[in-house]
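# Architecture at a glance
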Amino acid sequence: MCVDNRSVLPDHFSPENVNDTAKETCLNWFFKIASIRELIPRFYVEASILKCNKFLSKTGISECLPRLTCMIRGIGDPLVSVYARAYLCRVGMEVAPHLKESLNKNFFDFLLTFKQIHGDTVQNQLVVQGVELPSYLPLYSPAMDWIFQCISYHAPEALLTEMMERCKKLGNNALLLNSVMSAFRAEFIATRSMDFIGMIKECDESGFPKHLLFRSLGLNLALADPPEGDRLQILNEAWKVITKLKNPQDYVNCAEVWVEYTCKHFTKREVNTVLADVIKHMTPDRAFEDSYPQLQSIIKKVIAYFHDFSVLFSVEKFLPFLDMFQKESVRVEVCKCIMEVFIKHQQEPTKDPVILNALLHVCKTMHDSVNALTLEDEKRMLAYLINGFIKMVSFGRDFEQQLSFYVEARSMFCNLEPVLVQLIHSVNRLAMETRKVMKGNHSRKTAAFVRACVAYCFITIPSLVGIFTRLNLYLHSGQVALANQCLSQADAFFKAAISLIPEVPKTINIDGKMRPSESFLLEFLCNFFSTLLIVPDHPEHGVLFLVRELLNVIQDYTWEDNSDDKIRIYTCVLHLLSAMSQETYLYHIDKVDSNDSLYGGDTKFLAENNKLCETVMAQILEHLKTLAKDEALKRQSSLGLSFFNSILAHGDLRNNRLNQLSVNLWHLAQRHGCADTRTMVKTLEYIKKRSKHPDMGHLTELALRLPLQTRT
């Protein structure tokens, strides 16, 4: 009604901004409310539109709040009255949070009427309605808590002290006391902990249970620290009451809160005493089965304060406490919490037998929960936690003990593939570290240990499911065996990898989606070729026996119809064979004689190498012929230029046949206008530049035979 064509009412308006029509309507509302004869409806309706006083007067709200506060005095039922006060405090905080006086007046008025609760009128009414006092009193708590929170919000210390003293004078004030401890600042409560304990002890047990009061006190002490000299006495006074509770639910609700206080301010001795008491109360009649959330909370609080796991597991009752988690899903969640804290806070590797035995048990519990219905995300999480533990176990230079631990871990965690992969990597690192540390010492014993590590990997890898995981681990483990001069074991790994290649499926699952596998196979084979360069031939298996076996597998593998990956692999094989024909190889492994040392440039070896090269090149050229179709000409051009570059980089172009082949490939790349002119120009410039180097004069003639075709 205040909006017209000329202006819009601002957010922080004053009565002067309001037109007469709006004022008249608003005033009419309040007159109608005043005509309501019943007190409670009149109060609630007026309180609900209290904010509308802004349309009438600047002081309207500040004048109405005290009047409404006084109106509540006319409500006879103390329960109805307290909720009316809570609603008025809520409205007052919303429309005029700066007007604290009415809040305070509501509180002090409530204290004056509080004694009505224990008067004859209310007690007789409870008898008529069949309501017990312990059930009736908690009905006041939500309203009282709200009133107290409104008043204590940013309240000065003097006001809080006055409020506490007024409550103290009432006597038998358990309900008030609980609301005070729920609403007041934790620091205020903590510094006066002994005063509150004194008030709690004076309260009557019949109306409001003392254990709830101690629970409220404990919640405050978890947030703020009491005076240091009072801490032990506070714990003793609280626990005297808590330990006498017969009802397991009442007991554990209190114990859960006070465990944090104990962990925060005391040693493992006191924590052990508390845990023992919890076990004593929750074991009879399997009461723990109804209190898993509270027991979980206790565990979380203990491990939140005890980051040193050697101390934690030396708490005698900690592991027996874990035994109360009989439900598998809950037990696994608790174990996950323990492992998360261990991974986060364990800074140094450990070999402490207490820690290892306890955490092996914890990890075994997580592992054994895995079944056919377990989600992949859950498996990944469990594997991450178990791997985090495995990485933090170190026996220093006691390598045999370290390997024994890995053997035990393999038997315990065989259903989680990422854990087995981690164990294989760990054993490979152990083998390399052993050779490095024990270099020159106890060589026979060291060799036997390394062979044991190699055997561990060879036995474990076949149990894995992922095909490329197995391939890469065979390759990696073979490299480790080779680096440790275990030549026959290295051959076994490489043969296993070669025999596994035919099993590679056309598609594999990557993050829940099926992807073609050829690019992954190409990447693996390129890495494999780099290793085969330094693998010495076995004296009983002939020249380049591993390369021959691998070529046979590649030839027989069923490749995609429109794929050129087979030719790319053959091109990589040519790079390998070219490197193998050198007098000295590009790299070596210490104390391992590669074929350059074994054959010493022997003509028979080079002849066999050349035969393989010719066979592979024939396969490449045959494939290029199959691409002489309109839809495949671009692929033919790209592969032809790639093959040309390989010959240029790795071949001896003084050989007439190879020189002519390179010229033919150059023409093939440009034949149908599919080649990139810029690439061809840069390639030719590179050849001319290299021809100026010593012993590269033959490239000058080659460059003259490589014309650049222009597109018309």
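Residues numbered from 1 in each chain as written. Predicted model: local features only at pLDDT ≥ 70, side-chain atom pairs only at ≥ 80, totals over all residues. Heavy atoms only, no water.

For the protein, the name recorded in an unreviewed UniProt entry is VPS35 endosomal protein-sorting factor-like, with Panthera pardus as its organism. Database annotation for the protein, UniProt heading Subcellular location (unreviewed entry): "Endosome". Annotation of the protein in UniProt includes, under Sequence similarities (unreviewed entry), the sentence "Belongs to the VPS35L family." (UniProt positions renumbered as here; feature names shortened; annotations may be inferred.)

A few words on the overall build of the protein. The number of helices and strands found in the protein is 36 helices and two strands. In terms of overall dimensions, the protein is more spread out than a globule: its C-alpha atoms have a radius of gyration of 42 Å, far above the 27 Å expected for 712 residues. With the C-alpha coordinates of the protein rotated into their principal frame, the extents come out at 120 × 80 × 45 Å. Across the protein, the fraction of contacts at a sequence separation of at least 24, relative to all contacts at a separation of at least 6, is 70%. Counting only carbon and sulfur atoms, one obtains 53% of the accessible surface of the protein, whose full area is about 36300 Å². Charge centroids of the protein, computed over 79 positive and 80 negative side chains, lie 3 Å from each other. (Helix = DSSP H or I, 4+ residues; strand = E, 2+ residues; numbered from the N terminus. Rg over C-alpha atoms; globule rule 2.2 N^0.38 Å. Contact = heavy atoms within 4.5 Å. Areas by Shrake-Rupley, 256 points an atom, 1.4 Å probe, with all protein chains shown as cover. Lys, Arg positive; Asp, Glu negative; His and termini not counted. Charge placed at Lys NZ, Arg CZ, Asp CG, Glu CD.)

If you walk through the whole model with that rule in mind, you get 31 aromatic pairs. Seen in terms of ring centroids, phenylalanine 342 and phenylalanine 389 are 6.1 Å apart; in terms of plane orientation they differ by 65 degrees. Their pairing is edge-to-face. Of this pair, phenylalanine 342 sits in helix H20 (residues 328-345) while phenylalanine 389 sits in helix H22 (residues 376-391), and the two are 47 residues apart along the sequence. Considered together, phenylalanine 342 and phenylalanine 389 belong to a single accessibility category, that of buried residues. For the ring pair tyrosine 474 and phenylalanine 493, a centre distance of 6.3 Å and an interplane angle of 55 degrees mean the geometry is tilted. Separated by 19 residues along the polypeptide, tyrosine 474 in helix H26 (residues 467-483) and phenylalanine 493 in helix H27 (residues 487-500) bring together distant segments of the chain. In this structure, tyrosine 474 and phenylalanine 493 share a single accessibility class: buried. Stacked on the ring of phenylalanine 188, the Lys or Arg arginine 192 has its end atom at 3.9 Å from the ring centre. Positioned above the aromatic ring of tyrosine 456, the side-chain terminus of arginine 410 is 4.2 Å from the ring centre. (Phe/Tyr/Trp six-rings, centres within 6.5 Å; stacked < 30°, edge-to-face > 60°. Buried < 20%, exposed > 50% of the residue type's maximum accessible area, 1.4 Å probe, protein only. Lys NZ or Arg CZ within 6 Å of the ring centre and 35° of its normal.)

Before going further, it helps to examine the pairing of strand S1 (residues 507-510). As paired elements, S1 and strand S2 (residues 513-516) share four bridges and run antiparallel to each other. Bridged to asparagine 509 within S2 is methionine 514. (Pairing = 2+ DSSP bridges.)

Glancing now at the environment of glutamate 16. As for its position among the elements, glutamate 16 is in the segment before helix H1 (20-34). With a relative accessible area of 59%, glutamate 16 lands in the exposed category. Taking C-alpha positions, glutamate 16 is 8.5 Å from phenylalanine 55, a pair spaced 39 residues apart along the chain.

Let us look at the packing of H26 against H27. With their axes 8 Å apart at the nearest point, H26 and H27 run at an angle of 160 degrees to one another. One element, H26, and the other, H27, form an angle in the roughly antiparallel class. The interaxial crossing formed by H26 with H27 has left-handed handedness. Residue-level inspection shows Ile467, Arg470, Leu471, Tyr474, Leu475, Ser477, Gly478, Gln479, Ala481 and Leu482 of H26 in contact with H27, the latter providing Leu487, Gln489, Ala490, Phe493, Phe494, Ala496, Ala497 and Leu500. Its residues assigned to classes, the contact of H26 with H27 shows 13 nonpolar, four polar and one charged. (Axes fitted to C-alpha atoms, helices over the stretch in contact; angles between N-to-C directions. Parallel < 35°, antiparallel > 145°, perpendicular 65-115°, else oblique. Left-handed = near helix turned anticlockwise from the far one by under 90°. Nonpolar A, V, L, I, M, F, W, Y, C, P; charged D, E, K, R; others polar.)

Right, let's talk about the pattern of salt bridges for a bit. According to the stated counting rule, one finds 20 salt bridges in the structure shown. Shared partners join several salt bridges into a network, and the residues in it are Arg73, Arg85 and Asp109. (Salt bridge = Lys/Arg side-chain N within 4 Å of Asp/Glu carboxyl O.)

Here we come to the state of the cysteines. The tally for this structure, following the rule as stated, stands at zero disulfides. In this structure cysteine 486 is not part of a disulfide, and its nearest cysteine sulfur, from cysteine 453, lies 9.4 Å away. Assessed through its relative accessible area of 6%, cysteine 486 is described here as buried. (Disulfide = S-S within 2.5 Å.)

Counting residues in each nonpolar core, the largest one holds 228 residues, and the members touching the most others are Trp258, Leu295, Phe318 and Phe389. Once you skip the residues sitting within four places of it in the chain, phenylalanine 318 turns out to touch Leu275, Ile299, Val302, Ile303, Leu312, Phe313 and Ile338. With 15 residues, the next largest nonpolar core counts Phe43, Leu68, Ala84 and Leu88 among its residues. (Core = buried A, V, L, I, M, F, W, Y, C linked by side-chain atoms within 4.5 Å.)

Next up on the list: unusual backbone geometry. At arginine 286, a residue that is not glycine, the phi angle is positive and equals roughly 50 degrees. Relative to the helices and strands, arginine 286 resides in the loop between helix H16 (268-282) and helix H17 (292-305). Classification of arginine 286 by relative accessible area gives partly exposed; the value is 39%. Positioned with a positive phi, lysine 591 is a non-glycine residue whose angle comes to about 70 degrees. Mapped onto the elements of the fold, lysine 591 is located in the loop between helix H30 (565-580) and helix H31 (595-599).

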